[in-house]
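# Chains, contacts and geometry: an overview
Letter by letter, the chains look like this.
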Amino acid sequence: MTVKEEQAILKSWDTNAKAWTQAVRNQEIESRNQVTNQAIVEAILAQDFQSMLDVGCGEGWLIREIANTRPGDYMGIDGSEDLIRLAQELDQEHSYLNLTYQALNIGSLQRKFDLIVCNFSLFGNESVDDLLLKLKGLLNENGRILIQTLYVEDEQTGWQAGSWQGFSKQFTDPAPWYKRNHQAWINTFKYANLLLLRHQINSHPDTRKPCSVIFHLTTQTQE
Ligand SMILES: C[S@@+](CC[C@H](N)C(=O)[O-])C[C@H]1O[C@@H](n2cnc3c(N)ncnc32)[C@H](O)[C@@H]1O
């Protein structure tokens, strides 16, 4: 049972909502500035979609960024009430909903999307397995799911202690996270009956070290 860890993830984001917003909006996270922000924005803009759900949207930068280039139908959900309030404050045009993955159910949103994006927002174990099953029900036909996460090639999968190393002193109470290596993610997608179309590994331009992976998924049409 990992309920304790799953709860700690939610609590930590609530606690650090302000510090996180400041770090994102002041562009304090080097890997985001150098690699991962551009990678997810380009991956999204290469898709053919009218509507997009940002799952674990945080303070909402991704929707604001994409909507700037491609105005459209966007929604964000996140478990942190403060982050959702901060997202909505800066963007009244789109809706941001305070909803945990655990509380999300088929009727929660009363609609479907062409594209669902999870940008560094999947930290749990069972909550992530369950979420992926639920996200399938929120996708329009031929819809796509994009997941950007840390690239872990072959280290062991399992719960890890959290750390805010490299972040400002304002951050406290790091949450544990469930580390999945590449194969573990592939198994997770199989379990959810999602079809992995391709994956793209994004490396730091100076060190050449992989920073992240973006998985491109769709609903499985064949058993
Ligand atoms: C690293 S932040 C990323 C935020 C945003 N996607 C971005 O790119 O800036 C992770 C986000 O996932 C959200 N999150 C993590 N676990 C969650 C859960 N079980 N339910 C809802 N939101 C969750 C947190 O509240 C947090 O806003």
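The present account deals with the structure reproduced in this document. Every value quoted in this text rests on a predicted model; they were computed, and no experiment measured them.

Rules behind the numbers
- Residues numbered from 1 in each chain as written.
- Predicted model: local features only at pLDDT ≥ 70, side-chain atom pairs only at ≥ 80, totals over all residues.
- Heavy atoms only, no water.
- Phe/Tyr/Trp six-rings, centres within 6.5 Å; stacked < 30°, edge-to-face > 60°.
- Helix = DSSP H or I, 4+ residues; strand = E, 2+ residues; numbered from the N terminus.
- Buried < 20%, exposed > 50% of the residue type's maximum accessible area, 1.4 Å probe, protein only.
- Near = heavy atom within 4 Å.
- Polar contact = N/O pair within 3.5 Å; in protein donor to acceptor, adjacent residues only side chain to side chain.
- Areas by Shrake-Rupley, 256 points an atom, 1.4 Å probe, with all protein chains shown as cover.
- Nonpolar A, V, L, I, M, F, W, Y, C, P; charged D, E, K, R; others polar.
- Pairing = 2+ DSSP bridges.
- Axes fitted to C-alpha atoms, helices over the stretch in contact; angles between N-to-C directions.
- 1 Å grid on protein atoms, 1.4 Å probe; cavity = no way out; pocket = protein on both sides within 12 Å on 5 of 7 lines; lining within 4 Å.
- Points joined across faces, edges and corners; volume = space filled by probe spheres on them.
- Disulfide = S-S within 2.5 Å.
- Core = buried A, V, L, I, M, F, W, Y, C linked by side-chain atoms within 4.5 Å.
- Contact = heavy atoms within 4.5 Å.

A few words now on the packing of aromatic side chains. Each aromatic ring pair is described using two quantities: the centre-to-centre distance and the angle formed by the ring planes. A complete count under the given rule lists 12 aromatic pairs for this structure. Between Phe-189 and Phe-215, the ring centres sit 4.9 Å apart and the planes meet at 70 degrees, which makes this aromatic pair edge-to-face. Of this pair, Phe-189 sits in helix H7 (residues 182–191) while Phe-215 sits in strand S9 (residues 210–219); the two residues are 26 residues apart in sequence, bridging distant segments of the chain. Both residues of the pair, Phe-189 and Phe-215, count as buried. An aromatic cluster of three or more residues is present, and its members are Trp-13, Trp-20, Phe-123, Trp-164, Phe-167 and Phe-171.

Turning to the site of the ligand, a few remarks are in order. The environment of the ligand is formed by 20 residues, the closest being Arg-32, Gly-56, Asp-78, Tyr-101 and Asn-119. Between the ligand and Trp-61, the relevant distance is 3.1 Å, taken from an oxygen atom to a side-chain nitrogen or oxygen of the residue. One of the side-chain nitrogen or oxygen atoms of Gln-102 is found 3.0 Å away from a nitrogen atom of the ligand. Its free accessible area being 590 Å², the ligand has 97% of it covered by the protein chains. Per-element tally for the shell around the ligand: the top contributor is helix H1 (residues 3–15), with three residues. Counted by class, the shell around the ligand contains 11 nonpolar, seven polar and two charged residues.

Here we take up the sheet that holds strand S3 (residues 95–98). Note on sheets: strands pair through backbone hydrogen bonds, and any given pair is parallel or antiparallel. A sheet is described by the order of its strands in space; here seven strands give the open sequence S3-S2-S1-S4-S5-S9-S8, paired in mixed fashion. The open sheet has two edge strands with one neighbour each: S3 and strand S8 (194–203). Across the sheet, the mean angle from the axis of one strand to that of its neighbour is 15 degrees, orientation sign disregarded. Bridging between strand S1 (residues 51–55) and strand S4 (residues 113–119) involves three bridges; their strand directions are parallel. Looking across to S4, one finds that Asp-54 is bridged to Val-117.

Turning our eyes to something else, we now look at the layout of surface pockets. Approximately 240 Å³ is the volume found for the second largest pocket. In terms of lining residues, the second largest pocket is bounded by Ala-23, Val-24, Arg-25, Gln-27, Glu-28, Ile-29, Arg-32, Asn-33, Asn-37, Trp-61, Arg-64 and Glu-65. Listed by contribution, the elements that provide at least two residues to the lining of the second largest pocket are helix H2 (17–25), helix H3 (30–45) and helix H4 (61–69).

On to the state of the cysteines. Linking two cysteines covalently through their sulfur atoms gives a disulfide. Enumeration according to the criterion identifies zero disulfides in this entry. Take Cys-118: it sits in no disulfide, and the sulfur closest to it among the cysteines is that of Cys-57, at 11 Å. Residue classification places Cys-118 among the buried residues on the basis of a relative accessible area of 1%.

Turning next to the nonpolar core. Within the largest apolar cluster, 33 residues are counted, with the highest numbers of intra-cluster contacts made by Ile-40, Ile-44, Met-52, Leu-62 and Val-117. Within the residue set of this core, elements represented by two or more residues are H1, H2, H3, H4, helix H5 (81–90) and S4. Dropping the residues within four chain positions of it, Met-52 is found in contact with Ile-44, Ile-63, Asp-73, Tyr-74, Met-75, Phe-113, Leu-115 and Val-117. Counting residues in each nonpolar core, the second largest holds 28 residues, with Leu-53, Val-128, Leu-135 and Tyr-151 among its members.

Taken by themselves, the reported measurements are silent on function.
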